[in-house]
Amino acid sequence: MDVAASALNHLDLWLRQGLPKPKAFPMVPGCDGAGTVAVVGEGVTRWQVGDEVVINPSFACGRCSECLGDRSVFCAKWGIMGEHYWGSHGEAVTVGEANLVRKPPGLSWEEAGAYGLCGLTAYRMLRRARLSAGETLLVVGAGGGVATAASAIGQRFGARVFATSRDPAKCLRATELGAVEAFVSQGGPVPVKADVVLDSAGSPTWSLSTRALKPGGRLVTCGGTGGVTVEVNLARLFLSQQEVIGSTMGTFTEFDELTGLVATGLPVVVDTVYDLDDYPTALKRLESGAQFGKVVLRH
Ligand SMILES: [Zn+2]
C-alpha cells in the first residue's frame with residue numbers, strides 16, 4: 001500500500017537504541033499508518049486497488065488455538081509491524097490482508113494514521129481493567145499517546161476521567177479534552193481516588209499510581225518508559241483487594257471495536273505533523289516528551 005500518513009511511537013525510540021535489535025539491516029520502523037492499496041497480492045480477497053485503509057500493526061499466525069480463540073496477543077508468532085517486521089515509515093509498505101481495516105470516512109489521513117498502536121493499547125488496557133460507566137479513571141502522564149487515547153476512550157465508556165502531568169500546560173490541555181480535572185504532579189499523591197489507574201511510566205509514577213487506587217481498584221500498566229522495576233506493598237495490595245494488571249497491544253476484534261469508536265467520533269489527538277523527510281525532527285519531538293498526542297508524518 002502507498003502510505004499517506006504514519007505516526008511515531010515510543011517503540012521507535014526503543015528500536016533506535018537496539019531494543020530489540022533488528023534481525024537485519026536495513027530496518028524500516030513504523031507501527032501506525034494509513035493509505036491506499038496500490039497492489040494486491042495473489043490470493044487476496046478482501047481488498048482492491050484504491051481502497052483506503054488503516055494498518056493494524058499486530059502480527060499473529062491466524063491458525064493456532066490462541067488466534068482462533070481471538071486471543072492473538074498470546075500467539076507464539078505474535079509481533080508488531082515496525083518492530084519485528086518492516087514498518088510504515090516509508091513511501092510504501094507490504095501488509096497482510098488481515099492487517100488492514102477500512103479507513104473510517106470523515107477521518108483525515110493524519111488521524112487515520114495515528115490511532116492504531118496507542119489506541120489499541122489503551123482500549124485493551126481499559127477493557128482488561130473492566131472500566132465501566134460511572135467509575136473513576138486516573139490517567140497518569142497526560143499527553144502521551146496511550147494516555148491521550150485512554151482519556152478519550154474512558155470518557156466514551158462513561159467514566160469520570162482525571163489526569164496528571166508534571167506540565168501545567170498539559171494539565172490544561174487534558175481538561176480541554178474532557179478530563180474532569182488534571183493535577184500537576186511531581187510523583188507525589190494526587191487528591192483523587194480512582195477505580196482504575198492507567199500508568200505507562202513505571203517507576204517514576206508507581207507510588208502515585210498505587211496510592212491513588214480505591215479499595216478494589218485496578219492499576220493497569222502497559223510499560224515502563226521511566227523504569228520497569230517497582231516496589232509493591234503487598235499489605236496494601238491484599239488488604240485493599242487491589243489488582244495490578246499488565247496489558248500490551250490488543251486483539252484483532254479489539255482493533256475493529258476501536259476503529260468503530262473512531263468512526264463514530266472518538267477524537268484522535270494529533271500533536272504535530274512533519275513531512276517524511278523531516279523524520280529526524282519528528283523523532284526529536286517525541287524524544288523531548290513535549291508532545292501532547294501523536295507525532296505524525298505526512299508522506
Ligand atoms: Zn497464532
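Remember, predicted model here, so these are calculated numbers, not experimental data.

K.L.:
What exactly am I supposed to notice about the environment of Phe162 here?
P.N.:
With respect to the helices and strands, Phe162 occurs in strand E8 (residues 160–165). Along the backbone, Phe162 and Thr136 are 26 residues apart, and their C-alpha atoms lie at a distance of 7.5 Å. Residues within four places of Phe162 in sequence aside, it is in contact with Thr136, Leu137, Leu138, Val139, Val180, Glu181, Phe183 and Val192.

K.L.:
Mind showing me how you'd approach the coordination of the zinc ion here?
P.N.:
Tetrahedral metal sites with four donors have an ideal angle of 109.5 degrees; octahedral sites with six donors have ideal angles of 90 or 180 degrees. The zinc ion binds to the protein through Cys61 (SG), Cys64 (SG), Cys67 (SG) and Cys75 (SG); the donor distances cover 2.3 to 2.4 Å. Read N to C, the donor residues that coordinate the zinc ion are spaced as C-x2-C-x2-C-x7-C. Note on Cys67: relative accessible area 14%, which makes it buried.

K.L.:
Would you mind going over the packing of helix H4 (residues 116–128) against helix H5 (residues 145–156) with me for this structure?
P.N.:
Relative placement of two packed helices is described by the angle separating their axes and the distance separating the axes. Running from N to C, H4 and H5 point in directions that differ by 55 degrees, and their axes come no closer than 8 Å. Here H5 runs oblique to H4, going by the angle between their axes. Here H4 and H5 pass one another in a crossing that is right-handed. From H4, Cys118, Gly119, Thr121, Ala122, Tyr123, Met125 and Leu126 reach across to H5, where they touch Gly145, Val146, Ala149, Ala150, Ile153 and Gly154. Here the residues of the contact of H4 with H5 are counted per class, giving nine nonpolar, four polar and no charged.

K.L.:
Explain unusual backbone geometry here, please?
P.N.:
When glycine is set aside, most residues are seen to have a negative phi, and most peptide bonds are trans. A cis geometry characterises the amide bond from Leu19 onward to Pro20, with omega recorded as -5 degrees. Inspection of the secondary structure puts Pro20 in the loop between helix H1 (10–16) and strand E2 (32–36). Positive phi, normally seen in glycine, also occurs at Asp70, with a value near 60 degrees. Relative to the helices and strands, Asp70 resides in the loop between helix H2 (65–68) and strand E5 (79–80). Positive phi outside glycine occurs at Met249, with the angle close to 50 degrees. Assignment of secondary structure puts Met249 in the loop between strand E12 (243–246) and helix H9 (252–263).

K.L.:
How should I be thinking about the domain arrangement of the chain in this particular structure?
P.N.:
Interface size is commonly expressed as the accessible area that is lost once the parts come together. Taken domain by domain, the chain consists of domain 1 (2–118 + 250–298) and domain 2 (130–246). Computed from C-alpha atoms alone, the centre-to-centre distance between domain 1 and domain 2 is 26 Å. If you look at the interface, domain 1 gives 16 residues, while domain 2 gives 15 residues. The largest contributions to the domain 1 side of the interface with domain 2 come from Cys118, Leu266 and Phe292, which together make up 45% of the buried area. In this assembly, domain 1 and domain 2 are joined by zero salt bridges. Inspection of the domain 1/domain 2 interface yields five residue pairs in polar contact (both at pLDDT 80 or more). Mapped by element, the contributors of at least two residues to the side of domain 1 that touches domain 2 are H1 and H9. A breakdown of the residues in the side of domain 1 that touches domain 2 according to their chemical character gives nine nonpolar, six polar and one charged.

K.L.:
Even after reading the chapter, I still don't get the layout of surface pockets, so can you show me in this structure?
P.N.:
To find the voids left in a structure, one rolls a probe of water-molecule size over its atoms. In this structure, the second largest pocket spans a volume of roughly 370 Å³. Lining the second largest pocket are 15 residues, and of these Arg46, Gly62, Ala98, Asn99 and Phe252 sit closest to its centre. The set of elements that each furnish at least two residues to the lining of the second largest pocket consists of H2, strand E6 (100–102) and H9. Along the lines of polarity and charge, the residues of the lining of the second largest pocket split into nine nonpolar, four polar and two charged.

K.L.:
Looking at this structure, I do not really get the pairing of strand E9 (residues 181–184). What am I missing?
P.N.:
Moving residue by residue along a regular strand, the side chains alternate between the two faces of the sheet. Sheet topology note: the E8/E9 ladder contains four bridges and is parallel. Opposite Phe162, over in E9, you have Glu181 as the bridge partner. Considered for its hand, the β-α-β crossover made up of E8, helix H6 (residues 168–176) and E9 is right-handed.

K.L.:
I'm lost on the nonpolar core in this one. Help?
P.N.:
A general trend in soluble globular proteins is that nonpolar side chains are found buried together. If you look at the biggest cluster of nonpolar residues, it comprises 44 residues, and the most contacted ones within it are Tyr115, Leu126, Leu137, Ile153, Leu198 and Leu258. Counting residues per element, this core draws most heavily on H4, which supplies seven residues. Among the nonpolar cores identified, the runner-up in size contains 13 residues, and Leu138, Phe162, Phe183 and Ala194 belong to it.

K.L.:
What is the right way to read the sheet that holds strand E11 (residues 213–221) from this model?
P.N.:
Pairing between sheet strands relies on hydrogen bonds along the backbone, with the strands arranged either parallel or antiparallel. Spatially, six strands are ordered E9-E8-E7-E10-E11-E12 in an open sheet, and the strand pairing comes out parallel. Each edge of the open sheet carries a strand with a single partner, namely E9 and E12. Each strand of the sheet is rotated relative to its neighbour by a mean of 20 degrees, with strand direction disregarded. Most of the contacts of H5 go to strand E7 (residues 136–140), to which it runs at about 170 degrees, and overall it touches E7, E8 and strand E10 (194–199). Seen against the sheet, H6 touches E8 and E9 and runs at an angle of roughly 170 degrees to E9.

What counts, and where the lines are drawn
Residue positions are counted from 1 within each chain, in the order its sequence is given. Totals for whole chains, interfaces and linings use all residues, but because this is a predicted model, local features are given only for residues with pLDDT of at least 70 and pairs of side-chain atoms are given and counted only at 80 or more. Only hydrogens and water are removed before side-chain values are computed, so all heavy atoms of the structure are retained for them. In this description a helix means any DSSP run of H or I spanning at least four residues, a strand means any run of E spanning at least two, and both kinds are numbered starting from the N terminus. Here a residue-residue contact requires only that any non-hydrogen atoms of the pair lie within 4.5 Å. In this description, a donor is an N, O or S atom within 2.8 Å of the metal centre, a cutoff extended to 3.2 Å for sodium, potassium and calcium. Water is not part of the atom list, which can make sites seem incomplete. The buried label applies to any residue whose accessible area, calculated with a 1.4 Å probe on protein chains only, is under 20% of its type's maximum; exposed applies above 50%, and partly exposed to all values in between. Each axis is a line fitted through C-alpha atoms, and for a helix only the stretch in contact is used; angles between axes span 0 to 180 degrees, taken between their N-to-C directions. Small angles under 35 degrees read as roughly parallel and large ones over 145 as roughly antiparallel, with 65 to 115 read as roughly perpendicular and the rest as oblique. Note on convention: near helix rotated counterclockwise from far helix by under a right angle means a left-handed crossing. Clockwise means right-handed. The residue classification treats Ala, Val, Leu, Ile, Met, Phe, Trp, Tyr, Cys and Pro as nonpolar and Asp, Glu, Lys and Arg as charged. All others, Gly included, are polar. Throughout, the edges of the domains are those of an automatic or database domain assignment. Buried area: the accessible surface (1.4 Å probe) lost by two parts on joining, summed over both. By definition here, a salt bridge exists when the distance from a side-chain nitrogen of Lys or Arg to a carboxyl oxygen of Asp or Glu is within 4 Å. We call two N or O atoms a polar contact when they sit within 3.5 Å, provided that within protein one can donate a hydrogen and the other can accept it, with sequence-adjacent residues counted only if both atoms are side-chain atoms. Using a grid of 1 Å spacing that covers the protein atoms alone, one calls a set of points a cavity when a 1.4 Å probe fits there but cannot get out, and a pocket when the set is open and has protein on both sides within 12 Å along at least five of seven lines; lining residues are those with an atom within 4 Å of a point. Grid points are joined across faces, edges and corners, and a volume is the space filled by probe spheres set on the points. For two strands to be treated as a pair, DSSP must find no fewer than two bridges joining them. With the strands pointing away from the viewer, any crossover whose connection runs clockwise from the first strand over the helix to the second is right-handed. Throughout this description, the term nonpolar core refers to a set of buried Ala, Val, Leu, Ile, Met, Phe, Trp, Tyr and Cys residues connected via side-chain atoms within 4.5 Å.

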